[in-house]
Amino acid sequence: MGAPITLYVDSLFLSPYAMSVYVALTEKQLPFEVRPIDLGAGEQRMQPFQCRALTARVPALTHADFNLTESSVIAEYLEEAFPPPEHTALFPSALQERARARQLQAWLRSDLGALRQERPTETVFYGEAGPPLSDDAHAAAAKLIRVASYLVGVGQTTLFDKWCIADTDLAVMLKRLSNDDLPDTLRAYADAQWQRPAVQKWLEHNAAAR
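Per chain, residues are indexed from 1 in the order of the written sequence. Residue-level local features of this predicted model are given only where pLDDT is at least 70; pairs of side-chain atoms are given and counted only at 80 or more, and the full residue set underlies all totals for whole chains, interfaces and linings. Only hydrogens and water are set aside when side-chain values are computed; all heavy atoms of the structure are taken into account.

Here we come to the overall build of the protein chain. Helix and strand definitions here come from DSSP, where helices need a minimum of 4 consecutive H or I residues and strands a minimum of 2 consecutive E residues; each element is numbered from the N-terminal end. Within the protein chain, the regular secondary structure consists of 10 helices and four strands. When the helices and strands of the protein chain are read in sequence order from the N terminus, they spell out β-α-β-α-β-β-α-α-α-α-α-α-α-α. Relative to a compact globule of 210 residues, whose C-alpha radius of gyration would be 17 Å, the protein chain shows 17 Å and is just as compact. Taken along the three principal axes of its C-alpha coordinates, the protein chain extends 45 × 40 × 25 Å. Counting every position in the protein chain, which comprises 210 residues, the buried fraction comes to 47%. Should any heavy atoms of two residues lie within 4.5 Å, those residues are counted as being in contact. Long-range pairs, those at least 24 residues apart, make up 65% of the contacts in the protein chain between residues at least 6 apart in sequence. Accessible surface area values rest on a Shrake-Rupley calculation with a 1.4 Å probe, where residue burial reflects the displayed protein chains alone. Put simply, the protein chain shows about 10600 Å² of open surface, and 52% of that area lies on carbon and sulfur atoms. Only the C-alpha atoms count toward the radius of gyration. The rule for a globule is 2.2 Å times the residue count to the power 0.38. Any residue under 20% of the maximum accessible area for its type is buried, any over 50% is exposed, and the rest in between are partly exposed; the area is computed with a 1.4 Å probe on protein chains only.

Below you can see the structure in the form of structure tokens.
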């Protein structure tokens, strides 16, 4: 049996970044324990979590005696610690496709702030419809659609020949626009990602936490 793995997530299962790591672990078919952290109560700033999470954020991963935060970095760590072909690949094998996937992950985490604020993850997981988008959020949505449309063609259910973790990250961002104008091609792509068993398992946790 390998070293134990623990994933710390927000107690409401609303964090798209915690979801990304959860999906990564599940796709790799790794046994792991999920431990919810109550962000509303400030548990992320308390011990013992702070000693396990250098940046005091979720998700946090503990693998044996090693602790790590930041979802995209955790995915890269898992890919190296549990490499393909023994375990499902999280990133494309081709150099340029792998770089593109990481570029997309970095961009989704660092841009589109107005859209994330006005279409928070309650929109994604609870189906809540927000007010009309502000000019800033509308511009962010248009940018997201432009980038996603460049990467996803008609009938395409993954970014590349095979699924990668950037597919999950992009689908979550597109789902923020489920109640807004979203091109049919991108809606179909996001819906296809939503049906992956690993995503469905996260959604079960989310439903149970309500």
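Our focus in this paragraph is the UniProt feature "domain: GST N-terminal" (unreviewed entry) in the protein chain. UniProt's feature table lists "domain: GST N-terminal" (unreviewed entry) at residues 5–86, given in the numbering used throughout. Here residues 5–86 is 33% helix and 23% strand, with 18 Å between the C-alpha atoms at its ends. UniProt positions are given in the numbering used here, feature names are shortened, and annotations may be inferred rather than shown by experiment.

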